[in-house]
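Secondary and tertiary structure notes
In case you want the letters, here they are:
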Amino acid sequence: MEIEFKFCIPPERLATVQTAVRRGRWTPIRMEARYFDTPDAALSSRGIALRLRREGAQWVQTVKALGLGPLDREEHNVVLGDAPPSLAPRPELHAGSVAGARLVAALQAAQGPLVETYGTEMDRVTRNIAFKGGVVELALDTGRVVARRGTPQQQEARICELELELTTGPVAGLAALATRWATRHGLYLSTVSKAERGERLLAAHWSRPATKARAMVAHAAGPAFWHGPALQRAVVASCLQQVLSNSSEIAEGTGTDEHVHQLRIGLRRLRTALRELAPLAPGRFDPAWDAPLVDVFRRLGELRDRSQVLQSVHARMQAASAPALAEPPTGSASAAGASTGAADIVRTAAFQTALIGLMAFTAQSHAPLATAPDTDADGAEALGPKDTRRLLQKRIKRLHTQVCQDAQGFAALTMQKQHRLRKRLKRLRYLTEFVAPALDADSAAFLDSLQPALSALGQLNDERVAQGLYGDLATTSNAPVAWFGLGWLAAHQALAVAACEQALSHLADAPRLRKSGVR
(Lines give C-alpha, C1' and ligand atoms only; values in the text may rest on other atoms or scores of the structure.)
Protein backbone atom coordinates (compact mmCIF):
# COMPACT_ATOMS: atom_id res chain seq x y z
CA MET A 1 0.00 0.00 0.00
CA GLU A 2 1.35 3.41 -0.97
CA ILE A 3 0.91 6.61 1.04
CA GLU A 4 1.19 9.76 -1.04
CA PHE A 5 0.01 13.30 -1.60
CA LYS A 6 -0.88 14.36 -5.13
CA PHE A 7 -0.97 18.02 -6.09
CA CYS A 8 -1.99 19.92 -9.19
CA ILE A 9 0.39 22.67 -10.33
CA PRO A 10 -1.05 25.98 -11.56
CA PRO A 11 0.35 26.65 -15.07
CA GLU A 12 2.04 29.88 -14.00
CA ARG A 13 3.95 28.01 -11.26
CA LEU A 14 5.21 25.12 -13.40
CA ALA A 15 8.58 26.62 -14.37
CA THR A 16 9.43 27.35 -10.73
CA VAL A 17 8.42 23.84 -9.64
CA GLN A 18 10.51 22.28 -12.43
CA THR A 19 13.56 24.22 -11.26
CA ALA A 20 12.98 23.21 -7.64
CA VAL A 21 12.55 19.52 -8.47
CA ARG A 22 15.76 19.44 -10.50
CA ARG A 23 17.99 20.48 -7.61
CA GLY A 24 20.42 17.86 -6.38
CA ARG A 25 20.31 14.38 -7.92
CA TRP A 26 17.25 13.80 -10.08
CA THR A 27 16.24 11.23 -12.68
CA PRO A 28 14.31 11.92 -15.90
CA ILE A 29 12.20 9.20 -17.45
CA ARG A 30 9.89 9.10 -20.46
CA MET A 31 6.64 7.23 -19.86
CA GLU A 32 3.76 6.05 -21.97
CA ALA A 33 0.87 4.02 -20.69
CA ARG A 34 -2.16 2.15 -21.98
CA TYR A 35 -5.24 1.86 -19.77
CA PHE A 36 -7.81 -0.90 -20.07
CA ASP A 37 -11.42 -1.45 -19.08
CA THR A 38 -14.46 -3.41 -20.20
CA PRO A 39 -17.23 -1.95 -22.40
CA ASP A 40 -19.49 -1.60 -19.34
CA ALA A 41 -16.75 0.18 -17.30
CA ALA A 42 -16.51 -2.64 -14.77
CA LEU A 43 -13.15 -1.35 -13.50
CA SER A 44 -13.51 2.44 -13.49
CA SER A 45 -16.95 2.26 -11.88
CA ARG A 46 -15.31 0.46 -8.94
CA GLY A 47 -12.35 2.80 -8.63
CA ILE A 48 -9.91 0.32 -10.26
CA ALA A 49 -7.29 1.17 -12.88
CA LEU A 50 -5.39 -1.41 -14.97
CA ARG A 51 -2.51 -0.26 -17.12
CA LEU A 52 0.57 -1.26 -19.10
CA ARG A 53 3.28 1.37 -18.85
CA ARG A 54 6.67 1.77 -20.42
CA GLU A 55 9.10 3.29 -17.96
CA GLY A 56 12.28 4.01 -19.86
CA ALA A 57 13.18 0.66 -21.41
CA GLN A 58 10.98 -1.51 -19.18
CA TRP A 59 7.29 -2.36 -19.31
CA VAL A 60 5.32 -2.63 -16.07
CA GLN A 61 1.78 -3.90 -15.57
CA THR A 62 -0.06 -2.21 -12.68
CA VAL A 63 -3.43 -2.46 -10.99
CA LYS A 64 -4.60 0.27 -8.60
CA ALA A 65 -7.62 0.35 -6.31
CA LEU A 66 -8.98 2.68 -3.66
CA GLY A 67 -7.63 2.24 -0.13
CA LEU A 68 -9.37 2.65 3.21
CA GLY A 69 -8.36 6.26 3.79
CA PRO A 70 -7.83 9.44 1.75
CA LEU A 71 -4.07 8.85 1.59
CA ASP A 72 -4.19 5.12 0.97
CA ARG A 73 -4.00 3.36 -2.41
CA GLU A 74 -3.85 -0.36 -3.05
CA GLU A 75 -1.31 -0.97 -5.81
CA HIS A 76 0.43 -4.00 -7.28
CA ASN A 77 3.15 -3.84 -9.97
CA VAL A 78 4.61 -6.59 -12.14
CA VAL A 79 7.76 -5.90 -14.21
CA LEU A 80 7.35 -7.44 -17.67
CA GLY A 81 10.81 -6.69 -19.05
CA ASP A 82 11.97 -4.66 -22.01
CA ALA A 83 10.03 -6.51 -24.70
CA PRO A 84 6.74 -4.84 -25.75
CA PRO A 85 3.85 -6.72 -24.13
CA SER A 86 0.88 -8.14 -25.98
CA LEU A 87 -2.02 -5.84 -26.63
CA ALA A 88 -4.01 -7.37 -23.76
CA PRO A 89 -2.93 -7.22 -20.08
CA ARG A 90 -2.79 -10.36 -17.93
CA PRO A 91 -4.91 -9.93 -14.76
CA GLU A 92 -3.63 -13.22 -13.29
CA LEU A 93 -0.23 -11.61 -12.72
CA HIS A 94 -1.73 -9.74 -9.75
CA ALA A 95 -2.91 -12.87 -7.90
CA GLY A 96 -2.32 -12.71 -4.17
CA SER A 97 -2.55 -8.91 -3.87
CA VAL A 98 -5.46 -6.89 -2.47
CA ALA A 99 -5.73 -4.84 -5.66
CA GLY A 100 -5.53 -8.02 -7.75
CA ALA A 101 -8.40 -9.61 -5.83
CA ARG A 102 -10.58 -6.57 -6.47
CA LEU A 103 -9.63 -6.66 -10.15
CA VAL A 104 -10.66 -10.30 -10.49
CA ALA A 105 -13.98 -9.67 -8.72
CA ALA A 106 -14.73 -6.75 -11.04
CA LEU A 107 -13.90 -8.76 -14.17
CA GLN A 108 -16.13 -11.61 -13.05
CA ALA A 109 -19.05 -9.19 -13.00
CA ALA A 110 -18.07 -7.52 -16.30
CA GLN A 111 -19.92 -7.75 -19.58
CA GLY A 112 -17.32 -8.03 -22.29
CA PRO A 113 -13.53 -8.31 -22.58
CA LEU A 114 -10.82 -5.84 -21.64
CA VAL A 115 -10.14 -3.19 -24.29
CA GLU A 116 -7.78 -0.24 -24.43
CA THR A 117 -9.60 2.97 -23.53
CA TYR A 118 -7.04 5.78 -23.28
CA GLY A 119 -3.35 6.37 -22.78
CA THR A 120 -0.87 8.79 -21.26
CA GLU A 121 2.27 10.32 -22.71
CA MET A 122 4.38 12.14 -20.16
CA ASP A 123 7.79 13.02 -18.82
CA ARG A 124 8.55 12.21 -15.20
CA VAL A 125 11.30 13.69 -13.07
CA THR A 126 11.99 11.91 -9.78
CA ARG A 127 14.10 12.91 -6.82
CA ASN A 128 14.52 11.48 -3.33
CA ILE A 129 14.37 13.90 -0.41
CA ALA A 130 15.60 12.74 2.99
CA PHE A 131 14.15 14.00 6.24
CA LYS A 132 14.86 13.02 9.81
CA GLY A 133 13.97 9.33 10.00
CA GLY A 134 12.78 8.81 6.45
CA VAL A 135 12.78 9.42 2.71
CA VAL A 136 10.16 10.85 0.34
CA GLU A 137 10.14 10.34 -3.43
CA LEU A 138 9.20 13.44 -5.38
CA ALA A 139 7.72 12.86 -8.85
CA LEU A 140 6.90 15.65 -11.29
CA ASP A 141 4.66 14.51 -14.16
CA THR A 142 3.99 16.66 -17.23
CA GLY A 143 2.31 15.50 -20.40
CA ARG A 144 -1.13 14.55 -21.65
CA VAL A 145 -3.92 11.97 -21.47
CA VAL A 146 -5.19 10.87 -24.89
CA ALA A 147 -8.48 9.07 -25.58
CA ARG A 148 -8.06 5.94 -27.72
CA ARG A 149 -11.67 5.06 -28.42
CA GLY A 150 -15.24 6.20 -27.97
CA THR A 151 -14.68 9.75 -29.23
CA PRO A 152 -15.34 11.11 -32.74
CA GLN A 153 -11.89 12.69 -32.79
CA GLN A 154 -8.81 12.48 -30.65
CA GLN A 155 -9.38 14.11 -27.28
CA GLU A 156 -6.68 14.99 -24.81
CA ALA A 157 -6.22 16.54 -21.38
CA ARG A 158 -3.20 18.14 -19.74
CA ILE A 159 -1.15 16.42 -17.00
CA CYS A 160 0.72 18.69 -14.61
CA GLU A 161 1.09 17.02 -11.21
CA LEU A 162 3.52 16.69 -8.34
CA GLU A 163 3.38 13.55 -6.21
CA LEU A 164 5.12 13.04 -2.87
CA GLU A 165 5.22 9.38 -1.84
CA LEU A 166 6.51 8.09 1.47
CA THR A 167 9.33 5.61 0.89
CA THR A 168 10.39 5.08 4.52
CA GLY A 169 9.76 6.84 7.80
CA PRO A 170 6.85 8.47 9.63
CA VAL A 171 3.86 10.04 7.89
CA ALA A 172 4.50 13.26 9.80
CA GLY A 173 7.71 13.79 7.82
CA LEU A 174 5.86 13.34 4.54
CA ALA A 175 3.17 15.81 5.67
CA ALA A 176 5.72 18.42 6.70
CA LEU A 177 7.47 18.20 3.33
CA ALA A 178 4.16 18.30 1.44
CA THR A 179 3.12 21.40 3.38
CA ARG A 180 6.35 23.22 2.48
CA TRP A 181 6.03 22.45 -1.23
CA ALA A 182 2.33 23.30 -1.38
CA THR A 183 2.77 26.60 0.46
CA ARG A 184 5.87 27.67 -1.46
CA HIS A 185 4.51 26.88 -4.93
CA GLY A 186 0.74 27.41 -4.60
CA LEU A 187 -0.05 23.71 -5.14
CA TYR A 188 -3.47 22.27 -4.36
CA LEU A 189 -4.52 18.72 -3.51
CA SER A 190 -6.39 16.70 -6.10
CA THR A 191 -8.04 13.28 -5.90
CA VAL A 192 -8.59 13.20 -9.68
CA SER A 193 -6.31 10.44 -10.97
CA LYS A 194 -4.79 10.17 -14.45
CA ALA A 195 -7.15 7.27 -15.02
CA GLU A 196 -10.13 9.42 -14.13
CA ARG A 197 -8.92 12.15 -16.48
CA GLY A 198 -8.93 9.55 -19.22
CA GLU A 199 -12.46 8.46 -18.32
CA ARG A 200 -13.60 12.05 -18.62
CA LEU A 201 -12.31 12.22 -22.18
CA LEU A 202 -14.45 9.22 -23.10
CA ALA A 203 -17.61 10.84 -21.75
CA ALA A 204 -18.18 14.27 -23.25
CA HIS A 205 -19.02 16.99 -20.72
CA TRP A 206 -18.69 14.53 -17.84
CA SER A 207 -17.53 15.63 -14.42
CA ARG A 208 -17.51 13.86 -11.09
CA PRO A 209 -20.90 14.21 -9.36
CA ALA A 210 -20.85 15.99 -6.03
CA THR A 211 -19.89 13.54 -3.29
CA LYS A 212 -22.34 13.13 -0.43
CA ALA A 213 -21.58 11.88 3.06
CA ARG A 214 -21.20 8.13 3.38
CA ALA A 215 -22.53 6.11 6.28
CA MET A 216 -19.99 4.67 8.68
CA VAL A 217 -19.33 1.01 7.91
CA ALA A 218 -21.52 -1.22 10.06
CA HIS A 219 -18.93 -3.98 10.52
CA ALA A 220 -16.56 -1.44 12.09
CA ALA A 221 -18.47 -1.57 15.39
CA GLY A 222 -16.07 -4.10 16.93
CA PRO A 223 -13.86 -3.36 19.95
CA ALA A 224 -10.88 -2.12 17.88
CA PHE A 225 -13.09 0.46 16.15
CA TRP A 226 -14.27 1.77 19.51
CA HIS A 227 -10.76 2.36 20.84
CA GLY A 228 -10.58 6.17 21.11
CA PRO A 229 -7.83 6.95 18.54
CA ALA A 230 -9.15 4.38 16.05
CA LEU A 231 -12.62 5.91 16.15
CA GLN A 232 -11.20 9.40 15.72
CA ARG A 233 -9.24 8.36 12.64
CA ALA A 234 -12.12 6.40 11.09
CA VAL A 235 -14.59 9.26 11.45
CA VAL A 236 -12.16 11.93 10.24
CA ALA A 237 -11.27 9.74 7.23
CA SER A 238 -14.96 9.31 6.42
CA CYS A 239 -15.51 13.09 6.57
CA LEU A 240 -12.43 13.74 4.44
CA GLN A 241 -13.70 11.53 1.64
CA GLN A 242 -16.54 13.99 1.11
CA VAL A 243 -14.39 17.10 1.65
CA LEU A 244 -11.50 16.10 -0.61
CA SER A 245 -13.62 14.85 -3.49
CA ASN A 246 -15.67 18.05 -3.69
CA SER A 247 -12.79 20.44 -2.97
CA SER A 248 -10.71 18.77 -5.71
CA GLU A 249 -13.47 19.30 -8.26
CA ILE A 250 -13.89 22.92 -7.21
CA ALA A 251 -10.13 23.62 -7.20
CA GLU A 252 -9.81 22.31 -10.77
CA GLY A 253 -12.56 24.66 -11.93
CA THR A 254 -15.12 21.95 -12.73
CA GLY A 255 -17.19 22.27 -9.57
CA THR A 256 -20.88 23.22 -9.51
CA ASP A 257 -23.15 24.80 -6.90
CA GLU A 258 -23.86 21.28 -5.65
CA HIS A 259 -20.13 20.62 -5.13
CA VAL A 260 -19.96 23.79 -3.05
CA HIS A 261 -23.01 22.72 -1.07
CA GLN A 262 -21.66 19.23 -0.39
CA LEU A 263 -18.22 20.59 0.52
CA ARG A 264 -19.84 22.82 3.14
CA ILE A 265 -21.75 19.84 4.54
CA GLY A 266 -18.49 17.88 4.65
CA LEU A 267 -16.73 20.72 6.47
CA ARG A 268 -19.53 20.96 9.04
CA ARG A 269 -19.39 17.21 9.62
CA LEU A 270 -15.62 17.36 9.93
CA ARG A 271 -15.76 20.18 12.47
CA THR A 272 -18.37 18.23 14.43
CA ALA A 273 -16.00 15.26 14.55
CA LEU A 274 -13.10 17.44 15.71
CA ARG A 275 -15.24 19.01 18.42
CA GLU A 276 -17.18 16.02 19.73
CA LEU A 277 -14.51 13.31 19.42
CA ALA A 278 -11.57 15.27 20.84
CA PRO A 279 -12.02 13.87 24.40
CA LEU A 280 -11.58 10.29 23.15
CA ALA A 281 -7.81 10.82 22.80
CA PRO A 282 -6.92 14.34 23.99
CA GLY A 283 -4.28 16.30 22.15
CA ARG A 284 -4.35 14.39 18.87
CA PHE A 285 -6.34 17.00 16.93
CA ASP A 286 -4.32 20.04 15.90
CA PRO A 287 -6.15 23.26 16.97
CA ALA A 288 -4.69 24.99 13.89
CA TRP A 289 -6.98 22.93 11.63
CA ASP A 290 -10.16 24.69 12.70
CA ALA A 291 -9.63 28.30 11.57
CA PRO A 292 -9.02 27.47 7.85
CA LEU A 293 -12.03 25.13 7.85
CA VAL A 294 -14.22 27.87 9.31
CA ASP A 295 -12.91 30.46 6.85
CA VAL A 296 -13.58 28.32 3.77
CA PHE A 297 -16.99 27.29 5.10
CA ARG A 298 -17.94 30.94 5.65
CA ARG A 299 -16.65 32.23 2.31
CA LEU A 300 -18.28 29.42 0.34
CA GLY A 301 -21.46 30.15 2.26
CA GLU A 302 -21.43 33.68 0.91
CA LEU A 303 -21.18 32.31 -2.62
CA ARG A 304 -24.02 29.88 -1.95
CA ASP A 305 -26.19 32.67 -0.53
CA ARG A 306 -25.78 34.72 -3.69
CA SER A 307 -26.15 31.89 -6.22
CA GLN A 308 -28.72 29.65 -4.55
CA VAL A 309 -30.56 31.06 -1.55
CA LEU A 310 -31.81 34.23 -3.19
CA GLN A 311 -32.91 32.34 -6.30
CA SER A 312 -34.74 29.61 -4.35
CA VAL A 313 -36.55 32.08 -2.08
CA HIS A 314 -37.52 34.27 -5.05
CA ALA A 315 -38.96 31.23 -6.81
CA ARG A 316 -41.41 30.87 -3.90
CA MET A 317 -42.24 34.58 -4.03
CA GLN A 318 -43.22 34.39 -7.69
CA ALA A 319 -46.51 32.80 -6.66
CA ALA A 320 -47.27 36.15 -5.01
CA SER A 321 -46.54 38.01 -8.28
CA ALA A 322 -43.05 39.14 -7.33
CA PRO A 323 -41.20 41.31 -9.90
CA ALA A 324 -38.54 39.55 -11.94
CA LEU A 325 -35.16 39.04 -10.28
CA ALA A 326 -32.32 40.24 -12.49
CA GLU A 327 -28.99 39.62 -10.77
CA PRO A 328 -28.00 38.86 -7.18
CA PRO A 329 -26.80 41.89 -5.21
CA THR A 330 -23.22 42.81 -5.93
CA GLY A 331 -22.67 46.10 -4.16
CA SER A 332 -22.62 44.97 -0.53
CA ALA A 333 -19.56 44.36 1.56
CA SER A 334 -20.43 40.70 1.94
CA ALA A 335 -20.88 40.29 -1.80
CA ALA A 336 -17.61 42.04 -2.50
CA GLY A 337 -15.86 39.71 -0.06
CA ALA A 338 -17.36 36.74 -1.85
CA SER A 339 -16.38 37.91 -5.33
CA THR A 340 -13.39 35.58 -5.33
CA GLY A 341 -14.32 32.34 -7.08
CA ALA A 342 -14.82 29.08 -5.24
CA ALA A 343 -11.68 27.65 -6.83
CA ASP A 344 -9.50 30.38 -5.37
CA ILE A 345 -11.12 29.93 -1.96
CA VAL A 346 -10.27 26.23 -1.68
CA ARG A 347 -6.78 26.71 -3.12
CA THR A 348 -5.70 28.97 -0.23
CA ALA A 349 -2.49 27.86 1.48
CA ALA A 350 -4.08 27.73 4.94
CA PHE A 351 -6.88 25.40 3.79
CA GLN A 352 -4.53 23.16 1.85
CA THR A 353 -2.22 22.96 4.88
CA ALA A 354 -5.14 21.92 7.10
CA LEU A 355 -6.18 19.21 4.61
CA ILE A 356 -2.61 17.87 4.50
CA GLY A 357 -2.52 17.64 8.28
CA LEU A 358 -5.89 15.91 8.45
CA MET A 359 -4.95 13.42 5.75
CA ALA A 360 -1.72 12.59 7.54
CA PHE A 361 -3.68 12.09 10.76
CA THR A 362 -5.90 9.44 9.13
CA ALA A 363 -2.89 7.63 7.64
CA GLN A 364 -1.65 6.81 11.14
CA SER A 365 -4.36 4.14 11.28
CA HIS A 366 -1.84 1.58 10.01
CA ALA A 367 -0.09 1.61 13.40
CA PRO A 368 -1.15 -1.24 15.71
CA LEU A 369 -3.34 -0.44 18.68
CA ALA A 370 -1.65 -0.29 22.06
CA THR A 371 -2.08 -3.23 24.39
CA ALA A 372 -3.27 -1.02 27.23
CA PRO A 373 -6.89 0.13 26.72
CA ASP A 374 -6.18 3.65 28.02
CA THR A 375 -3.27 4.50 25.71
CA ASP A 376 -2.91 4.86 21.95
CA ALA A 377 -0.08 3.75 19.67
CA ASP A 378 2.02 6.75 20.74
CA GLY A 379 1.54 6.04 24.43
CA ALA A 380 -0.79 9.04 24.95
CA GLU A 381 -3.86 8.73 27.13
CA ALA A 382 -6.94 7.55 25.28
CA LEU A 383 -10.30 5.98 26.08
CA GLY A 384 -10.90 2.28 25.63
CA PRO A 385 -13.98 0.84 23.88
CA LYS A 386 -16.26 0.77 26.93
CA ASP A 387 -15.48 4.32 28.04
CA THR A 388 -15.66 5.57 24.45
CA ARG A 389 -19.20 4.27 23.96
CA ARG A 390 -20.28 5.64 27.33
CA LEU A 391 -18.85 9.11 26.65
CA LEU A 392 -20.39 9.38 23.18
CA GLN A 393 -23.81 8.30 24.40
CA LYS A 394 -23.60 10.99 27.08
CA ARG A 395 -22.71 13.61 24.49
CA ILE A 396 -25.61 12.57 22.26
CA LYS A 397 -27.98 12.66 25.21
CA ARG A 398 -26.68 16.07 26.32
CA LEU A 399 -27.12 17.57 22.84
CA HIS A 400 -30.62 16.12 22.55
CA THR A 401 -31.57 17.53 25.96
CA GLN A 402 -30.22 20.99 25.08
CA VAL A 403 -32.12 21.02 21.80
CA CYS A 404 -35.37 19.93 23.44
CA GLN A 405 -35.05 22.61 26.14
CA ASP A 406 -34.46 25.40 23.64
CA ALA A 407 -37.25 24.09 21.41
CA GLN A 408 -39.85 24.75 24.12
CA GLY A 409 -39.41 28.51 23.86
CA PHE A 410 -38.10 28.80 20.32
CA ALA A 411 -40.15 31.86 19.28
CA ALA A 412 -38.90 33.83 22.28
CA LEU A 413 -35.24 33.14 21.53
CA THR A 414 -33.05 35.74 19.86
CA MET A 415 -32.09 35.06 16.25
CA GLN A 416 -28.57 34.20 17.42
CA LYS A 417 -29.89 31.58 19.85
CA GLN A 418 -32.27 30.19 17.25
CA HIS A 419 -29.32 29.79 14.90
CA ARG A 420 -27.30 28.13 17.68
CA LEU A 421 -30.16 25.64 18.15
CA ARG A 422 -29.97 24.80 14.45
CA LYS A 423 -26.21 24.19 14.69
CA ARG A 424 -26.67 22.00 17.77
CA LEU A 425 -29.31 19.96 15.98
CA LYS A 426 -26.94 19.43 13.07
CA ARG A 427 -24.17 18.32 15.46
CA LEU A 428 -26.61 15.90 17.07
CA ARG A 429 -27.43 14.44 13.67
CA TYR A 430 -23.82 14.07 12.57
CA LEU A 431 -22.59 12.64 15.88
CA THR A 432 -25.40 10.07 15.81
CA GLU A 433 -24.42 9.10 12.26
CA PHE A 434 -20.79 8.66 13.36
CA VAL A 435 -21.70 6.18 16.12
CA ALA A 436 -24.55 4.46 14.27
CA PRO A 437 -22.61 1.18 13.84
CA ALA A 438 -22.83 0.61 17.60
CA LEU A 439 -26.52 1.42 17.83
CA ASP A 440 -29.49 -0.77 17.04
CA ALA A 441 -31.95 -0.22 14.20
CA ASP A 442 -33.56 2.65 16.11
CA SER A 443 -30.69 4.92 15.07
CA ALA A 444 -32.32 5.31 11.65
CA ALA A 445 -35.66 6.17 13.21
CA PHE A 446 -33.97 8.63 15.57
CA LEU A 447 -32.24 10.37 12.67
CA ASP A 448 -35.49 10.47 10.70
CA SER A 449 -37.18 12.17 13.64
CA LEU A 450 -34.70 15.07 13.43
CA GLN A 451 -35.25 15.81 9.75
CA PRO A 452 -38.53 17.80 9.91
CA ALA A 453 -37.00 20.24 12.41
CA LEU A 454 -33.79 20.51 10.39
CA SER A 455 -35.77 21.27 7.23
CA ALA A 456 -37.91 23.92 8.92
CA LEU A 457 -34.90 25.58 10.54
CA GLY A 458 -33.04 25.50 7.23
CA GLN A 459 -35.89 27.27 5.47
CA LEU A 460 -36.04 29.92 8.18
CA ASN A 461 -32.30 30.46 7.88
CA ASP A 462 -32.51 30.82 4.09
CA GLU A 463 -35.27 33.39 4.41
CA ARG A 464 -33.22 35.44 6.84
CA VAL A 465 -30.19 35.27 4.57
CA ALA A 466 -32.35 36.35 1.64
CA GLN A 467 -33.69 39.23 3.73
CA GLY A 468 -30.17 40.55 4.16
CA LEU A 469 -29.45 40.18 0.45
CA TYR A 470 -32.67 41.98 -0.53
CA GLY A 471 -31.76 44.71 1.94
CA ASP A 472 -28.39 45.14 0.22
CA LEU A 473 -30.13 45.24 -3.15
CA ALA A 474 -32.62 47.86 -1.95
CA THR A 475 -29.79 50.04 -0.65
CA THR A 476 -27.62 49.84 -3.76
CA SER A 477 -30.17 49.85 -6.58
CA ASN A 478 -33.61 50.68 -5.14
CA ALA A 479 -34.98 47.85 -7.31
CA PRO A 480 -38.74 47.13 -6.93
CA VAL A 481 -38.03 43.42 -6.49
CA ALA A 482 -35.91 44.21 -3.43
CA TRP A 483 -38.68 46.09 -1.65
CA PHE A 484 -41.20 43.43 -2.61
CA GLY A 485 -38.88 40.76 -1.21
CA LEU A 486 -38.34 42.60 2.06
CA GLY A 487 -42.08 42.97 2.57
CA TRP A 488 -42.87 39.37 1.65
CA LEU A 489 -40.17 37.98 3.92
CA ALA A 490 -41.21 40.19 6.86
CA ALA A 491 -44.81 39.01 6.53
CA HIS A 492 -43.74 35.39 6.13
CA GLN A 493 -41.32 35.26 9.05
CA ALA A 494 -43.98 34.53 11.67
CA LEU A 495 -45.18 31.57 9.61
CA ALA A 496 -41.63 30.23 9.26
CA VAL A 497 -41.01 30.53 13.00
CA ALA A 498 -44.32 28.77 13.74
CA ALA A 499 -43.35 25.94 11.38
CA CYS A 500 -40.07 25.55 13.27
CA GLU A 501 -41.90 25.43 16.62
CA GLN A 502 -44.27 22.78 15.29
CA ALA A 503 -41.42 20.59 14.00
CA LEU A 504 -39.29 21.08 17.11
CA SER A 505 -42.17 20.08 19.42
CA HIS A 506 -41.81 16.47 18.27
CA LEU A 507 -38.10 16.12 19.12
CA ALA A 508 -38.79 14.99 22.68
CA ASP A 509 -40.71 12.00 21.27
CA ALA A 510 -37.72 10.74 19.24
CA PRO A 511 -37.03 6.97 19.56
CA ARG A 512 -34.59 6.13 22.31
CA LEU A 513 -31.11 5.14 21.20
CA ARG A 514 -29.70 1.91 22.61
CA LYS A 515 -26.32 0.21 22.34
CA SER A 516 -25.95 -2.83 20.14
CA GLY A 517 -24.69 -6.13 21.45
CA VAL A 518 -21.05 -5.17 20.77
CA ARG A 519 -18.84 -5.40 23.87
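Right, let's walk through the structure included here. For clarity, every value in this text was computed on a predicted model and none was experimentally measured. (Residues numbered from 1 in each chain as written. Predicted model: local features only at pLDDT ≥ 70, side-chain atom pairs only at ≥ 80, totals over all residues. Heavy atoms only, no water.)

1. Re the overall build of the chain
The condition is simple: The secondary structure listing takes helices from DSSP runs of H or I that are at least 4 residues long and strands from runs of E that are at least 2 residues long, numbered from the N terminus. Exposure categories follow from relative accessible area, calculated using a 1.4 Å probe and restricted to protein chains: below 20% of the type maximum is buried, above 50% is exposed, and the middle band is partly exposed. Contact criterion: two residues are considered in contact whenever any of their non-hydrogen atoms come within 4.5 Å of each other.
Scanning the chain for helices and strands turns up 14 helices and nine strands. The buried share of the chain, taken over its 519 residues, is 50%. Within the chain, residue pairs in contact and separated by at least 24 positions form 73% of the contacts whose partners lie at least 6 positions apart.

2. A few points about the environment of glutamate 501
Going by this rule: By the criterion applied in these results, polar contacts are pairs of N or O atoms within 3.5 Å in which, for protein atoms, one can donate a hydrogen and the other can accept it, and in which residues neighboring in sequence qualify only through two side-chain atoms.
Here glutamate 501 shows up in helix α14 (residues 480-504). In this structure the C-alpha to C-alpha distance between glutamate 501 and glycine 409, which are 92 residues apart in sequence, comes to 8.3 Å. Ignoring anything within four residues of it in the chain, the contact list for glutamate 501 reads Phe410 and Ala411. Within polar-contact distance, the side chain of glutamate 501 engages the backbone nitrogen of alanine 411 at 3.5 Å.

3. Some details on the nonpolar core
A general trend in soluble globular proteins is that nonpolar side chains are found buried together. The test is simple: Definition of nonpolar core: a set of buried residues of the types Ala, Val, Leu, Ile, Met, Phe, Trp, Tyr and Cys, connected through side-chain atoms within 4.5 Å.
Formed by 99 residues in total, the largest nonpolar core has its most connected members in Phe5, Leu164 and Trp181. Among the nonpolar cores identified, the runner-up in size contains 16 residues, and Val309, Tyr470, Val481 and Leu489 belong to it.

4. Some remarks on the environment of alanine 234
By secondary structure assignment, the location of alanine 234 is in helix α5 (residues 228-251). The exposure class of alanine 234 is partly exposed, given its relative accessible area of 25%. Placed 200 residues apart in sequence, alanine 234 and phenylalanine 434 show a C-alpha to C-alpha distance of 9.3 Å.

5. With respect to the environment of arginine 180
Structurally, the position occupied by arginine 180 is in helix α3 (residues 171-185). Residue classification places arginine 180 among the partly exposed positions, given a relative accessible area of 44%. Each C-alpha atom of the pair arginine 180 and threonine 353 lies 8.9 Å from the other, and the pair is 173 residues apart in sequence.

6. Quick notes on the pattern of salt bridges
So the rule is basically this: Salt bridge, as applied in this entry: a Lys or Arg side-chain nitrogen positioned within 4 Å of an Asp or Glu carboxyl oxygen.
Enumeration according to the criterion identifies 27 salt bridges in this entry. Note that glutamate 121 is salt-bridged to arginine 144, the shortest N-O span being 2.8 Å. Here arginine 144 lies in strand β7 (residues 134-147) and glutamate 121 lies in strand β6 (residues 115-131), a separation of 23 residues in the sequence. A relative accessible area of 27% means that arginine 144 is categorised as partly exposed. With a shortest N-O distance of 2.7 Å, arginine 395 and glutamate 276 are connected by a salt bridge. You can see arginine 395 sitting in helix α11 (residues 385-408) and its partner glutamate 276 sitting in helix α6 (residues 257-276), a full 119 residues away along the chain. Each of Lys6, Arg124, Asp141, Glu161, Glu163, Lys194, Arg197 and Glu252 takes part in a single network of salt bridges with overlapping partners.

7. Remarks on the pairing of strand β8 (residues 156-168)
As a reminder, the rule being used: Strands were regarded as paired on the criterion that DSSP finds at least two bridges between them.
Where strand β1 (residues 2-8) lies against β8, five bridges are found, and the strand directions are antiparallel. Bridge assignment links lysine 6 to a residue of β8, and that residue is glutamate 163. Across twelve bridges, β7 lies against β8 in antiparallel orientation. Across the sheet, threonine 142 pairs through a bridge with cysteine 160, a residue of β8.

8. A short note on the packing of aromatic side chains
Applicable threshold: Any pair of Phe, Tyr and Trp rings, taking the six-membered ring for Trp, is counted once the centres come within 6.5 Å. Such a pair is stacked with planes under 30 degrees apart, edge-to-face with planes over 60 apart, and tilted for the rest.
A complete count under the given rule lists five aromatic pairs for this structure. Note on phenylalanine 5 and phenylalanine 7: the rings are 6.4 Å apart at their centroids and 20° apart in plane angle, and the pair reads as stacked. When its relative accessible area of 0% is taken as the criterion, phenylalanine 5 is described as buried. Judged by centre distance (4.9 Å) and plane angle (20°), the ring pair of tyrosine 35 and tyrosine 118 falls under stacked.

9. Let's talk about the packing of α3 against helix α10 (residues 349-363)
What counts, and what does not: Helix axes are fitted to C-alpha atoms over the stretch in contact, other axes to C-alpha atoms as well, and angles between N-to-C directions run from 0 to 180 degrees. Oblique is the label for any angle not covered by the other classes, which are roughly parallel (under 35 degrees), roughly antiparallel (over 145) and roughly perpendicular (65 to 115). Should the near helix be turned anticlockwise from the far one by less than a right angle, the crossing is left-handed, and should it be turned clockwise, the crossing is right-handed.
Two elements in contact, α3 and α10, have axes separated by 10 Å at closest approach and are oriented at 165°. When the interaxial angle is binned, α3 and α10 end up roughly antiparallel. Taken as a pair, α3 and α10 cross one another with a handedness that is right-handed. The segment α3 lies against α10, with Val171, Ala175, Ala178, Thr179, Ala182 and Thr183 engaging Ala349, Thr353, Ile356, Ala360 and Ala363.

10. Things to note about the side chain of histidine 400
Locating histidine 400 in the fold gives a position in helix α11. When its relative accessible area of 16% is taken as the criterion, histidine 400 is described as buried.

11. Remarks on the state of the cysteines
So the rule is basically this: Defined by distance alone, a disulfide is two cysteine sulfur atoms within 2.5 Å.
Throughout the structure, instances matching the rule amount to zero disulfides. Here cysteine 8 stays unpaired: no disulfide links it, and the sulfur of cysteine 160, its closest cysteine neighbor, is 7.9 Å away.

12. Points about unusual backbone geometry
Its identity is not glycine, yet alanine 41 carries a phi of approximately 55°, on the positive side. The exposure class assigned to alanine 41 is partly exposed, which follows from its relative accessible area of 24%.

13. Let's talk about α11
Selection criterion: In this analysis, the expected span of each helix is defined as 1.5 Å times one less than the number of residues it contains.
Its 24 residues place the ends of α11 35 Å apart at the C-alpha level, agreeing with the 34 Å of an ideal helix rising 1.5 Å per residue. Buried within α11 we find Thr388, Arg389, Leu392, Arg395, Ile396, Leu399, His400, Val403, Cys404, Asp406 and Ala407. Buried residues along α11 sit against α5, α6, α12 (415-435), α13 (442-477) and α14.

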